[in-house]
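# Survey of secondary and tertiary structure
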Amino acid sequence: MEKFTKSSILRDSHEILKVTNLSKSYKNKKVLREINLNVSYGESVALIGSNGSGKSTLIKCLLGLTNIEKGEIYTNQIRLNMKNNNLLKFYRRDIAFIWQTHNLVPRLSVLSNVIHGSLNSHPNPRLWYQAFAPSEIRSRALNCLDQVGLKNFAKNNVNTLSGGESQRVAIARALMQKPKLMIADEPVASLDPKVGIEVMNLLKDLTLKQGITLFFTTHDLKHAEHYANRVIGLKDGVIKINIKSKELNELDVDEFYAA
Amino acid sequence: MKNNYRDLPPRWDKTNNLVYFSYLLVLLFFIWSSKQVGLSPLELLKGVPYMIRLLSEMLPPNFSRIFPLLKSILETLQIAFVGTFVGILGGFSLAIFAAKELSPIPKLYKISRGLIAFFRTIPDLIWAIFFVATIGLGTSAGTLTIIVDTIGFSGRFFAEAMEEIEKKPQKALEAIGISKIAIIFCAVLPEVLPSFINTSLFSLEKAVRSSVVLGLVGAGGIGIELKVAMEMFNYDQASTILILIFILVIIVEQLSVNIRNKYINN
């Protein structure tokens, strides 16, 4: 990437995610105010906050899905720059994202959907559909499916999967990216509690095993406590809590959520 | 019990006189137009004996020229098939640029929209006359007509289908840095496929019907046979041609229904 300037790279940092003075508003309403946030390599961080606290907006900013007004975001030492499409693609390459709903491509096979995860680093038209993909990629995709326990579903149509299975396929697609950072926006909110716990366990185990940093939002404080090392609480666009997850129960959470 | 009619809501919403006046204008225009075009039950009635005579001359159909006619109807189908196939490819390529938010080159959005509209608004017979005049009589003029007509018809539906689908799978791929053209082929295309198949089948049905007529202006196919037979008063041959056309249209429509049931309704 010869187009990188010095200012786009943050050198010698032990932080995989670094946000400085981030502000964002929608139609004169301040949604995020002067957010400062650091996440170290290998950490697992939960972001909590009531509806409208700015969680989703923060996630959108991190992924470069919405313009930021003020402030800077670095992931993997690369500065988010939305004005340059090539830089943006490069910025997004090492970040996997799990949505609240799986957002798999309907009517395609599970294997095709997983293979799509590698399209950002291999922009090869053969990866559009599993039938044309090189054997090496197909076998890597099958391996990712194996890791989420769905090896036998490779040729199934994604429309036939249950919610939990679909979310696991989405995780397999994310693994296909070989990401350094995995961001998840309420990854189990649309699943029933039992399946939700299975998916969270899977997410935690896989990221831990592969040294991927996990940053997720949740409404479930038990999940925050159990699956994260650190909990960050957002209220009215300001970070109010930034503690180790062990300390969470000592805190008066009700007060945090109260209006 | 006492009826309280005064509390009932009005039967009609209040409209102003201008609206009534415009209704009246439409009615007047209809009466004047029907006079102008000569729509009268009496004229129709006067024509009935001639219709019966024509029908009796058409029957029984004359199958003496069945082999040249079969060749001609096959040619009609070929014009429709090749024209639709190429037209769908063209319509799809144009539609990619004509779908809002998806267009790889946003500057071309309006141009491709305009081009599709232009192809669609000019009737197929006009295109046929244009191509016969420029590249000469025969099947290539007819095929080009079907191509242009299909681009106009399918391009619009393709573009609309691509605009209307669920955007989240595309967003998910965009968020991990996948290029626009890859997103079109791996996320948009699978989602719109049923609607594409549907539009393509309609295009084929439409093309078969127009390719029958194209021969009337010399653009190849069975139409020219029908025209000659009618002009030479060979009504018994004309009826054979009509039967062949009927069979062709029915077969194509039935095939289309079967394919649709197989791929879309499950």
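Residues and elements named next belong to chain A. Taken in spatial order, the six strands of this open sheet run β6-β7-β8-β3-β9-β10, and their pairing is mixed. Every interior strand has two partners, whereas the edge strands, β6 (95-98) and β10 (238-244), have only one. Averaged over all adjacent pairs, the angle separating strand axes in this sheet is 15°, with direction ignored. Strand direction decides the pairing type here: strand β7 (residues 181-185) and strand β8 (residues 213-217), joined by five bridges, are parallel. Note that in β8 the partner of D185 across the bridge is T217. This element, helix α1 (residues 55-63), spans β3 (44-48), β6, β7, β8 and β9 (230-235) of the sheet and lies at about 145° to β7.

This part takes up the layout of surface pockets. In this structure, the largest pocket spans a volume of roughly 510 Å³. At the level of elements, α2 (85-93) of chain A together with α7 (168-174) and α8 (180-214) of chain B are the ones that each hand at least two residues to the lining of the largest pocket. Across the lining of the largest pocket, the residue classes break down as six nonpolar, five polar and seven charged. There is about 290 Å³ of room inside the second largest pocket.

Time to look at the sheet that holds strand β4 (residues 70-75) of chain A. Residue and element names in this part refer to chain A. A sheet is described by the order of its strands in space; here four strands give the open sequence β2-β1-β4-β5, paired in antiparallel fashion. Each edge of the open sheet carries a strand with a single partner, namely β2 (29-40) and β5 (78-79). Of the pairings in the sheet, the one linking strand β1 (residues 15-26) to β4 comprises five bridges and is antiparallel in character. Note on β4: the bridge partner recorded for K18 is Y74.

Below, the discussion takes up the confidence of the model for chain A. Averaged over chain A, the pLDDT score is 85; the fraction of residues at 70 or greater is 92%. Confidence, expressed as mean pLDDT per element, reaches its minimum in chain A at helix α8 (residues 253-257) of chain A with 71 and its maximum at helix α3 (residues 110-115) of chain A with 93.

Reading guide: rules and limits
- Residues numbered from 1 in each chain as written.
- Chains lettered and ligands numbered in written order.
- Predicted model: local features only at pLDDT ≥ 70, side-chain atom pairs only at ≥ 80, totals over all residues.
- Heavy atoms only, no water.
- Pairing = 2+ DSSP bridges.
- Helix = DSSP H or I, 4+ residues; strand = E, 2+ residues; numbered from the N terminus.
- Axes fitted to C-alpha atoms, helices over the stretch in contact; angles between N-to-C directions.
- Contact = heavy atoms within 4.5 Å.
- 1 Å grid on protein atoms, 1.4 Å probe; cavity = no way out; pocket = protein on both sides within 12 Å on 5 of 7 lines; lining within 4 Å.
- Points joined across faces, edges and corners; volume = space filled by probe spheres on them.
- Nonpolar A, V, L, I, M, F, W, Y, C, P; charged D, E, K, R; others polar.
- pLDDT = per-residue confidence, 0-100.

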